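Architecture at a glance
The residues making up each chain are set out below.
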Amino acid sequence: MSSVSLPERRDSIQGNTDTSLLKTLALIFMLIDHIGARVITGVPELRIIGRMAFPLYAWCLVVGSVKTSNPWKYAFRLLVMAVVSQPLYMMALQHKITDLNILFTLFLALMAIVGIQKQFCFSQFWAPALCYAALAFLNVDYGWKGITFILLLYAVRNTRMGLIAAYMAFALFWGSSSSSVNTLFGMQLTFLKWPGVDGLLKALFRLQGMVWLSLPLIAIPMHSDFRMPKWLGYALYPMHLVLLIILRMLINGTSLATLLAVF
């Protein structure tokens, strides 16, 4: 039997564990994405940049699930902030109350991971199954693909090459049904039409498949020494929604009555 203890095994997580930096970058990318969705529409590059946000949040959750000393408190904080953010999410992005924000997605994924970790009465099987079953009743952001992506990252967290391979495989799968990206900042991606360029390269230049842009930030360890207060890490999500609401009112002239009409 190996002499390495379970906590030491968990600390062997590979990739970038500089989560304060990654959360900050994820928030910037998410804000850019949401500005492209509701404030400055018709600029696809904003949405492309926004594809980098969710993978960073997903990886931070994986790292957090390994590093946390109390996963139940972690999950509770996620759930509370998800509930608090929901009205702002509806106003900022014109969603219905049944369209649940990304923090609910992260909460469900964390519950599945905790079940896998605890292995209580075979919870490694029924906990993820219950989380997927909940998706039959809940419409969370990114849905089953988002939760599967997080669980896949968790499964390969201890091997960098496995992380890269699994990440790219899911990016290709994820992008297979999304629209093609043929231009970037006004430049035609003519190399996609070159003789010999196969379907694999073209698949990487589909909107959702371009989550691969985040891969270097996840796979390459960084040591920025940047430390974000825990409370700020949770508060940034609703704060960016408030900013988005303000931008919609100032730039688009959206009235408060229109924003409140979603309720």
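Residues numbered from 1 in each chain as written. Predicted model: local features only at pLDDT ≥ 70, side-chain atom pairs only at ≥ 80, totals over all residues. Heavy atoms only, no water.

**Topic: the overall build of the protein**
A tally of helices and strands in the protein yields 13 helices and 4 strands. A principal-axis box enclosing the C-alpha atoms of the protein has dimensions of 65 × 55 × 40 Å. The buried share among the 263 residues of the protein stands at 46%. For the protein, long-range pairs separated by at least 24 residues make up 74% of all intrachain contacts whose partners lie at least 6 apart in sequence. Only carbon and sulfur atoms are counted for the fraction: they give 68% of the accessible area of the protein, which is about 13400 Å². Of the charged side chains in the protein, 20 are positive and 9 negative, and the gap between their average positions amounts to 5 Å. (Helix = DSSP H or I, 4+ residues; strand = E, 2+ residues; numbered from the N terminus. Buried < 20%, exposed > 50% of the residue type's maximum accessible area, 1.4 Å probe, protein only. Contact = heavy atoms within 4.5 Å. Areas by Shrake-Rupley, 256 points an atom, 1.4 Å probe, with all protein chains shown as cover. Lys, Arg positive; Asp, Glu negative; His and termini not counted. Charge placed at Lys NZ, Arg CZ, Asp CG, Glu CD.)

**With respect to the pattern of salt bridges**
Counting across every chain of the model gives 2 salt bridges. Two residues, Arg 47 and Asp 33, come together in a salt bridge whose shortest N-O distance is 2.5 Å. With Arg 47 in helix α3 (residues 44-50) and Asp 33 in helix α2 (residues 19-38), this pair connects stretches of sequence that are 14 residues apart. Using a relative accessible area of 31% as the deciding quantity, one classes Arg 47 as partly exposed. (Salt bridge = Lys/Arg side-chain N within 4 Å of Asp/Glu carboxyl O.)

**Description of the nonpolar core**
Judged by nonpolar contacts, the single largest core of 74 residues is most densely connected at Trp 59, Leu 78 and Ile 150. If sequence neighbours within four positions are ignored, Trp 59 has contacts with Ile 13, Gln 14, Gly 15, Asn 16, Leu 22, Leu 153, Arg 157, Leu 163 and Ile 218. The next biggest cluster of nonpolar side chains, apart from the first, holds 8 residues, and it includes Ile 48, Val 181, Leu 189 and Leu 204. (Core = buried A, V, L, I, M, F, W, Y, C linked by side-chain atoms within 4.5 Å.)

**Quick look at the confidence of the model for the protein**
For the protein, per-residue confidence averages 89 on the pLDDT scale, and residues scoring 70 or more make up 94% of the total. Across the protein, the element-wise mean pLDDT spans from 43 in helix α1 (residues 6-10) up to 97 in strand β1 (residues 99-100). In the predicted structure, residues 1-10 sits below a pLDDT of 50 and forms 5 contacts with residues beyond four places in sequence or in another chain. (pLDDT = per-residue confidence, 0-100.)

**A short note on the environment of Leu 22**
Within the secondary structure, Leu 22 sits in helix α2. With 31 residues separating them along the chain, Leu 22 and Ala 53 place their C-alpha atoms 9.1 Å apart. Residue contacts for Leu 22: discarding those within four places in its chain leaves Asn 16, Leu 56, Trp 59, Cys 60 and Leu 217.

**Thoughts on the packing of helix α6 (residues 102-118) against helix α7 (residues 123-134)**
Direction vectors running N to C along α6 and α7 enclose 165°, while the axes themselves pass 7 Å from each other. Compared by their axis directions, α6 and α7 come out roughly antiparallel. For the pair α6 and α7, the sense of crossing is right-handed. Across from Leu 108, Met 111, Ala 112, Gly 115, Ile 116 and Lys 118 in α6, the residues of α7 making contact are Ser 123, Gln 124, Ala 127, Pro 128, Cys 131 and Ala 134. Class assignment of the residues belonging to the contact of α6 with α7 gives a composition of 8 nonpolar, 3 polar and 1 charged. (Axes fitted to C-alpha atoms, helices over the stretch in contact; angles between N-to-C directions. Parallel < 35°, antiparallel > 145°, perpendicular 65-115°, else oblique. Left-handed = near helix turned anticlockwise from the far one by under 90°. Nonpolar A, V, L, I, M, F, W, Y, C, P; charged D, E, K, R; others polar.)

**A short note on the packing of α6 against helix α8 (residues 143-155)**
Their axes nearest at 9 Å, the elements α6 and α8 cross at an angle of 40°. As summarised for this structure, α6 and α8 are arranged oblique, according to the angle between their axes. In terms of crossing hand, the pair formed by α6 and α8 is right-handed. Taking contact as the criterion, the partners of Thr 105, Leu 106, Leu 108, Ala 109, Ala 112, Ile 113, Ile 116 and Gln 117 in α6 are, on α8, Ile 147, Ile 150, Leu 151 and Tyr 154. Residue classes in the contact of α6 with α8 are distributed as 10 nonpolar, 2 polar and no charged.

**Description of the environment of Gly 50**
Tracing the sequence through the fold places Gly 50 in helix α3. Here the alpha-carbon distance between Gly 50 and Leu 217, two residues 167 residues apart in the chain, equals 14 Å. Here Gly 50 is in contact with Phe 29 and Asp 33, once residues within four sequence places are set aside.

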